[in-house]
Amino acid sequence: MRPRSYFEIFSSFVSLRPRPEQVWNVAKYACRHFLTGFSPVVTHAPLSVGVLVTYRCNLNCPDCFVNNAVNRTEYREADMTATEFERYITHPLARKAFRVSFSGGEPLLNPALPEFVRIARRERKYTYLITNGLLLEKNIEALVNAQLDILRVSLYESSLEKQIAGIHAAQKQRVPFKIYLSSFVGAKNYSFCEEMIKLAIDLKIDRLNVQAYDLPLSVTPEDPAAENIIWDDNKEAMAFFDGLRRQYGSRLKFSLPNPVSRKPVVRQLCNQLVTIFFFDRHGLLSPCGCIFPCEKRYGSLEDSTGWNSEYMVRFRRDFVGKFPFHKTCQTCWWAARMADDDSDFIY
């Protein structure tokens, strides 16, 4: 990770006036990261936690990698309550984290979200909301009052006009939180990146993160759906991205998709497996931001094993042990990502 990224993360941590247990937890992580390396059984608590506040969404994107859970009947009653959130965010595993992200589904569909942010701030957490922005305008005041730190709007070509209107409304009120933009592109629409960069510059946005299209876990690289993956032999796409970096790199902080390798790749470590977990209203865990829904087999805040469940230990061993990619992760955009701009590594 670049020195600038370390400095940004350290600055956000210090600004929280962290508790001693949070400082000690970061120190344990840093010792592993810089000196000894990680083992499949982690001895520190997560630096960041992700909260699935709802599985409902006001969009129905066909390429969404969480389509196996979002808007499904069996998850319709899965909205987290403030009582549940407070219980889990003060859990011994979660309370030492210094950052919390709120996602879904569309988190602004859960009316308790501002209360989640207030509780998180009280618990010395840096707060990060990931939203499509369609409900932003009517929630701006509540988010400001709750002292949100970062708002990240995920942009979609089909909803762009309404999303921009929400961002304009936030900027007119001179909101104190930072606004980031993100989007997903694939081999079929990667030219959309330039439109996003121009938009971010026009809106004077702090950061833009364009991510590679991510396959649902049920899809293999041989499946027809994989034709939208940006592979490393796509020379046209690589040349296009290089041109964008040269043309706009001095005007905006942004990251562009990195290709997925067609050849067997060895990965020493996936940061998500040792820095973050996600949980839902039942306290069930997910190992990373691309595996949903949360399930008992991944671990639970109700179990003593927690983050070191049998599944998670086995999952980490594949990376720490320098084996080729775990089958689950072979087309993951995180796994393919190189040192373009990784300051978002704890999501």
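For the structure itself, look to the data block above.
In this text the structure is predicted, and so the values were computed from the model without any measurement.

Caption draft 1: Examining the overall build of the protein chain more closely. When its secondary structure is counted, the protein chain shows eleven helices and ten strands. For the protein chain, buried positions account for 55% of its 347 residues. Across the protein chain, every contact between residues at least 6 apart in sequence was considered, and the portion connecting residues at least 24 apart equals 73%. As displayed, the protein chain offers around 15,900 Å² of accessible surface, 52% of which is attributable to carbon and sulfur atoms.

Caption draft 2: Structural detail: the sheet that holds strand β8 (residues 276-279). On the basis of which strands lie adjacent, the open sheet formed by ten strands has the order β7-β6-β5-β4-β3-β2-β1-β8-β9-β10 and mixed pairing. Since the sheet does not close on itself, it has two edges, and those belong to β7 (254-255) and β10 (295-300), each with one partner. Two elements, strand β3 (residues 126-131) and strand β4 (residues 150-155), share four bridges in a ladder whose sense is parallel. Looking at the pairing, leucine 129 lines up with leucine 151 of β4.

Caption draft 3: Local environment of the pairing of strand β6 (residues 207-212). Burial runs high along β6: six of the six residues are buried. Residue alternation in β6 divides its side chains into two sets, Arg207, Asn209 and Gln211 and Leu208, Val210 and Ala212, and both sets are buried. Where strand β5 (residues 178-185) and β6 come together, six bridges link them in parallel fashion. Residue serine 183 lies in a different strand from β6, and its bridge partner there is valine 210. Crossover β5 to β6 through helix α7 (residues 192-203) is right-handed. As judged from the two bridges shared by β6 and β7, these two strands associate in the parallel manner.

Caption draft 4: Inspection of the packing of aromatic side chains at higher detail. Throughout the structure, instances matching the rule amount to 15 aromatic pairs. Pairing tyrosine 88 with phenylalanine 279 gives two aromatic rings, centres 5.8 Å apart and planes at 65 degrees, and the pair type is edge-to-face. With a gap of 191 residues between them, tyrosine 88 in helix α3 (residues 82-89) and phenylalanine 279 in strand β8 connect regions that are remote in the sequence. The buried category is assigned to tyrosine 88, whose relative accessible area is 3%. On the basis of relative accessible area, phenylalanine 279 is assigned to the buried category, the value being 0%. Chaining the aromatic ring pairs together yields one cluster made of Tyr88, Phe277, Phe279 and Trp307. In this arrangement the basic side chain of arginine 207 is found over the ring face of tyrosine 180, its NZ or CZ atom lying 5.4 Å from the centre. The residue whose ring lies beneath arginine 316 is tryptophan 307, and the NZ or CZ to ring-centre distance is 5.0 Å.

Caption draft 5: A look at the nonpolar core. If you look at the biggest cluster of nonpolar residues, it comprises 89 residues, and the most contacted ones within it are Phe85, Phe102, Leu181, Ile197, Leu208, Phe241 and Phe279. In terms of residue count, α7 provides more of this core than any other element does, eight residues in total. Those residues within four positions of phenylalanine 102 in sequence are excluded, and the remaining contacts are Val51, Val53, Phe85, Pro107, Leu113, Phe116, Val117, Ala120, Thr127, Tyr128, Leu129 and Ile130. Residues Leu52, Val66, Ile276 and Cys294 belong to the second largest nonpolar core, which totals ten residues.

Caption draft 6: The pattern of salt bridges, seen in detail. Per the counting criterion, the structure on display carries 15 salt bridges. One salt bridge connects arginine 122 with glutamate 86, and the closest N-O pair in it is separated by 2.8 Å. Here arginine 122 is found in helix α4 (residues 113-122), whereas its partner glutamate 86 is found in helix α3, with 36 residues between them in sequence. Here arginine 122 falls in the partly exposed class, since its relative accessible area comes to 42%. Residue glutamate 86 is classed as partly exposed on the basis of its relative accessible area, which comes to 32%. In this structure, arginine 245 and aspartate 242 form a salt bridge, with 3.1 Å as the shortest nitrogen-oxygen distance.

Caption draft 7: Highlighting the environment of leucine 256. Checked against the element boundaries, leucine 256 lands in the loop between β7 and α9 (272-275). Look at leucine 256 and you get buried, because its relative accessible area is 2%. When the C-alpha positions of leucine 256 and isoleucine 197 are compared, they lie 10.0 Å apart, and in sequence the two are 59 residues distant.

Caption draft 8: Geometry of α4. For α4, every residue scored as buried is listed here: Leu113, Pro114, Phe116, Val117, Ile119 and Ala120. Positive backbone phi, approximately 60 degrees, marks arginine 124, located one or two places after α4.

Caption draft 9: Structural detail: the side chain of aspartate 79. Structurally, aspartate 79 can be placed in the loop between β1 (48-52) and α3. Accessibility expressed as a relative area gives 17% for aspartate 79, which makes it buried. Within the structure, the side chain of aspartate 79 is placed 2.5 Å from the side chain of threonine 54, a separation counted as a polar contact. Side-chain polar atoms of aspartate 79 contact the side chain of arginine 56, separated by 2.6 Å.

Caption draft 10: Spatial organisation of unusual backbone geometry. Here glycine 104 and glycine 105 are connected by a cis peptide whose omega angle stands at 20 degrees. As for its placement among the helices and strands, glycine 105 is situated in the loop between β2 (99-103) and α4. The omega torsion of the bond from phenylalanine 292 to proline 293 falls at 0 degrees, within 30 degrees of zero and hence cis. You can see proline 293 is positioned in the loop between β9 (284-286) and β10. Positive phi outside glycine occurs at arginine 124, with the angle close to 60 degrees. Relative to the helices and strands, arginine 124 is located in the loop between α4 and β3. Its identity as a non-glycine residue notwithstanding, arginine 174 has a phi of 50 degrees, on the positive side. Along the chain, arginine 174 turns up in the loop between α6 (160-172) and β5.

Reading the values: rules and limits
- Residues numbered from 1 in each chain as written.
- Predicted model: local features only at pLDDT ≥ 70, side-chain atom pairs only at ≥ 80, totals over all residues.
- Heavy atoms only, no water.
- Helix = DSSP H or I, 4+ residues; strand = E, 2+ residues; numbered from the N terminus.
- Buried < 20%, exposed > 50% of the residue type's maximum accessible area, 1.4 Å probe, protein only.
- Contact = heavy atoms within 4.5 Å.
- Areas by Shrake-Rupley, 256 points an atom, 1.4 Å probe, with all protein chains shown as cover.
- Pairing = 2+ DSSP bridges.
- Right-handed = clockwise from strand over helix to strand, strands pointing away.
- Phe/Tyr/Trp six-rings, centres within 6.5 Å; stacked < 30°, edge-to-face > 60°.
- Lys NZ or Arg CZ within 6 Å of the ring centre and 35° of its normal.
- Core = buried A, V, L, I, M, F, W, Y, C linked by side-chain atoms within 4.5 Å.
- Salt bridge = Lys/Arg side-chain N within 4 Å of Asp/Glu carboxyl O.
- Polar contact = N/O pair within 3.5 Å; in protein donor to acceptor, adjacent residues only side chain to side chain.

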